[in-house]
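Observations on chain architecture
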Amino acid sequence: MQRGHHQNVPGKRAPVFRLRLLAWYDAHARDLPWRKNRDPYPVWVSEIMLQQTRVAAVIQHYDDFLRRFPTVEKLARARQSSVLAVWSGLGYYRRARMLHAAAKMIVRELHGKFPQTSGDWRELPGIGRYTCAAIASIACDEPIAVVDGNVERVLSRVSSRRLSEQQVWHAAEDLLDRERPGDFNQAMMELGATVCTPKAPACLLCPVVELCATRGDLPGETKALPQKKREIHYALDHHSENGRPARVFLLQRPRDASLMPGMWELPEISSPGDHAKPLFKVKHSITVTDYTVSVWSSSPSNHTAGKWIAVRQLPKLAMTGLARKILRKAGVTKSAGVR
DNA sequence: AAATCGGGGCT
DNA sequence: AGCCCAGATTT
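Residues numbered from 1 in each chain as written. Chains lettered and ligands numbered in written order. Predicted model: local features only at pLDDT ≥ 70, side-chain atom pairs only at ≥ 80, totals over all residues. Heavy atoms only, no water.

**A look at the protein's contact with DNA strand C**
As a structural note, the neighbourhood of DNA strand C is formed by 29 residues, with Q52, G126, T131, D148 and N150 the closest of them. If you look at DNA strand C and keep only atoms within 4 Å of the protein, 62% of those are sugar or phosphate atoms. Y130 is positioned such that a nitrogen or oxygen atom in its backbone is 3.3 Å from a phosphate oxygen of DNA strand C. Class assignment for the residues of the surface near DNA strand C results in eleven nonpolar, eight polar and ten charged. (Near = heavy atom within 4 Å. Polar contact = N/O pair within 3.5 Å; in protein donor to acceptor, adjacent residues only side chain to side chain. Nonpolar A, V, L, I, M, F, W, Y, C, P; charged D, E, K, R; others polar.)

If you want it as structure tokens, here you go:
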């Protein structure tokens, strides 16, 4: 009887939780591009893009990606470099390679038919415990719960306990609305992203505040990763024709580099040399390092390796996000919308 | 279990 | 200047 410790939202209150959460979601769900339908392909693409990536960042790439690769067949037929070019700036480029590999598997091995269960989705590269459940609940209506950073935070606040990974998944499964699993999962994440935020949660706006044990406090510890700082210098060299940028000198990263292998970037220079001032500076953070980037005007004679790339080709080139940012800021390329 | 993989936006 | 995000894979 008093064994109810293991229940996070007590069983009797779980139906109320579902009702209020879904009613809130029906009224407040953000109008996101991947919520236009429940077709497996766009849902799958969105879930891969959303791995460890904020909604706002995904929105900037999602429509471009689907325009370029409207079907799994088109994606499977594409070159990897084309896929990476559209992915450029989104980060975690392994996701793009695995998405591409999975598309080939779906076309060649599954004859273009998408998996219909979370277990079958799980077999594909780039799809782990979270993603297979997210896709299957949304696109296949399979009653399976997801746990991401949002869900974990919501559930630990609601229960006022720090839960092991096993416990979180169990709690999410208990709470799941089995009639509308896809909406329920998205509602949990939406609540975490927009109301039950890491800091300063908006409990006054929360549909389940009355069922919440903490109402804002988060039990347990936070893990702090040390963020290193580095300065780095790049050489920017470009030709102009008719007063417009025509070609730019770029370098391809080694194919076997662990970080962004095979992608194009500006040549790095060890020191600024005699130049008094860089063209400009930008800030950029990758993995655990915050870079202060200085961009220097440079003459061709300094270059040994690398290639002159036509500016018109740049949108189709697998460039690093930093290179894209620099070229945009330098006025070599226009704003992000160019295809 | 821990390390690795991008990048950016908010506090 | 931290923090941390609709995680998966490798070691």
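**Thoughts on the nonpolar core**
Core analysis: the largest hydrophobic core is formed by 62 residues, its most contacted members being Y41, W44, F65 and L314. It is helix α2 (residues 40-49) that provides the largest number of residues to this core, a total of six residues. Shared between two domains, this core takes at least three residues from each, and those domains are domain 1 (4-211) and domain 2 (228-329). When neighbours within four sequence positions are excluded, F65 is seen to be in contact with Y41, V45, M49, L75, V83, V86, W87 and L99. Core analysis: the second largest hydrophobic core is formed by 36 residues, V9, A134, A187 and V208 among them. (Core = buried A, V, L, I, M, F, W, Y, C linked by side-chain atoms within 4.5 Å. Buried < 20%, exposed > 50% of the residue type's maximum accessible area, 1.4 Å probe, protein only. Helix = DSSP H or I, 4+ residues; strand = E, 2+ residues; numbered from the N terminus. Domains from an automatic or database assignment. Contact = heavy atoms within 4.5 Å.)

**Quick notes on helix α1 (residues 14-28)**
For α1, built from 15 residues, the straight-helix expectation of 21 Å at 1.5 Å per residue is met to within 8% by its first-to-last C-alpha distance of 21 Å. Taken as a whole, α1 has its buried residues at A14, F17, R18, L21, L22, W24 and Y25. The buried side chains of α1 occupy one side of the element, clustering within an arc of 160° when seen end-on. In α1, the exposed positions that point more than 90 degrees away from the buried face belong to L19, D26 and A27. (Expected span 1.5 Å × (residues − 1). Arc of directions from axis to C-beta.)

**Re the pairing of strand β2 (residues 238-241)**
Judged from the four bridges that link them, β2 and strand β3 (residues 244-252) form a sheet pairing that is antiparallel. Bridge pairing in β3 places E241 opposite R244. Counting the residues in the hairpin turn of β2 and β3 gives two residues, including N242, whose phi is positive at 55°. (Pairing = 2+ DSSP bridges.)

**A look at the domain arrangement of chain A**
By domain assignment, chain A separates into domain 1 (4-211) and domain 2 (228-329). Between the C-alpha centres of domain 1 and domain 2 there is a distance of 35 Å. Together, the buried faces of domain 1 and domain 2 total about 610 Å²; carbon and sulfur atoms form 60% of this surface. Area buried by domain 1 at its contact with domain 2 is led by A85, S88 and Y93, which between them contribute 60% of it. Inspection of the domain 1/domain 2 interface yields zero salt bridges. For the pair domain 1 and domain 2, the interface holds three residue pairs in polar contact (both at pLDDT 80 or more). Among the elements that take part in the side of domain 1 that touches domain 2, helix α5 (residues 80-87) stands out by supplying three residues, more than any other. Considered class by class, the residues forming the side of domain 1 that touches domain 2 number three nonpolar, three polar and one charged. (Buried area = accessible area lost by both parts, 1.4 Å probe. Salt bridge = Lys/Arg side-chain N within 4 Å of Asp/Glu carboxyl O.)

**Some remarks on the packing of helix α3 (residues 55-68) against α5**
At a closest axis distance of 9 Å, the pairing of α3 and α5 adopts a crossing angle of 155°. One way to sum up the angle between α3 and α5 is to call them roughly antiparallel. Mapping the contact onto sequence places H61, D64, F65 and R68 in α3 and S82, V83, V86 and W87 in α5. Of the residues that constitute the contact of α3 with α5, the class distribution is four nonpolar, two polar and two charged. (Axes fitted to C-alpha atoms, helices over the stretch in contact; angles between N-to-C directions. Parallel < 35°, antiparallel > 145°, perpendicular 65-115°, else oblique.)

**What to know about the pattern of salt bridges**
Applying the stated criterion across every chain yields a total of nine salt bridges. The partner of R67 in a salt bridge is D64, and the shortest N-O contact between them spans 2.5 Å. Placement of the pair is R67 and D64 together in helix α3, with a separation of three residues, close to one helical turn. Between R180 and D183 there is a salt bridge whose closest N-O contact spans 2.8 Å. For R180, a relative accessible area of 28% corresponds to the partly exposed category. Through salt bridges with shared partners, a single network forms among D26, R38, R180 and D183.

**Focus: α2**
Burial of α2 is extensive: nine of the ten residues sit out of reach of the surface. Y41, P42, V43, W44, V45, S46, E47, I48 and M49 are the residues of α2 that are buried. On its buried side, α2 packs onto α3, α4 (72-77), α5, α6 (94-108), α7 (118-121) and α8 (129-139).

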